[in-house]
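Structural overview
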Amino acid sequence: MLSAIDHVGVAVESIDAALAVYRDTLGMELVHRETVAEQGVDAALLDVGDSHIELLEALGPDTAVGRFLSRRGAGLHHIAYRVQSIDETLATLATAGVRLIDERPRVGIRGSRVAFLHPAATGGVLTEIVQPAEEHQTR
Ligand code: CO
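Report on the accompanying structure. (Residues numbered from 1 in each chain as written. Predicted model: local features only at pLDDT ≥ 70, side-chain atom pairs only at ≥ 80, totals over all residues. Heavy atoms only, no water.)

Points about the coordination of the cobalt ion
Applied cut-off: Any nitrogen, oxygen or sulfur atom within 2.8 Å of a metal ion counts as a donor, with the limit raised to 3.2 Å for Na, K and Ca, and since water is left out, coordination shells can look unfinished. Helix and strand definitions here come from DSSP, where helices need a minimum of 4 consecutive H or I residues and strands a minimum of 2 consecutive E residues; each element is numbered from the N-terminal end. Three labels apply to residues, based on accessible area from a 1.4 Å probe with only protein chains included: buried if under 20% of the type maximum, exposed if over 50%, partly exposed otherwise in between.
All of the protein donors around the cobalt ion are His7 (NE2), Glu54 (OE), His78 (NE2) and Glu128 (OE); their distances to the metal are 2.0 to 2.2 Å. Here the donor residues of the cobalt ion are spaced in sequence according to H-x46-E-x23-H-x49-E. On the criterion of sequence distance, the pair formed by Glu54 in strand β4 (residues 51-58) and Glu128 in strand β8 (residues 127-131) is long-range, its members being 74 residues apart. Note on accessibility: Glu54 and Glu128 belong to one class, buried.

In structure tokens form, the structure reads like this:
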């Protein structure tokens, strides 16, 4: 059902400051940058092999990432698994009684479709499933 770790989400105070390390020092290629106003985040996607690091900067303190940053500080935010069909995966999870944050997919960055599982269902790890846009489906 899950084909790869699509990305690991990292909450940062400043994407520009984080890029100085992730891109300029660690050498990851910045492949996408997008503001998702309805989710209150600025996001940057960096390539690392067949997977990505997703840097997340809050657009304000009263957003999900803003609250995360004020409660816990910068750091690991979520892990995202790649799926071929998010509709089928969500249906399977719902049937299995897995607690979901999103019962229906929402629009993610780069035209992807994403949904979050509740961390209570996944060992305390905020977990995302992502169906990449067709042109970004590698496997
Ligand atoms: Co993500």
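A few points about the environment of Thr138
Rules: Residues are treated as being in contact if the distance between any of their heavy atoms lies within 4.5 Å.
For Thr138, the position within the fold is in the segment after β8. The class of Thr138 is exposed, set by a relative accessible area of 54%. For Thr138 and Leu55, which are 83 residues apart along the polypeptide, the C-alpha to C-alpha distance reads 21 Å. Setting aside anything within four residues of it in sequence, one finds Thr138 in contact with Asp50 and Arg82.

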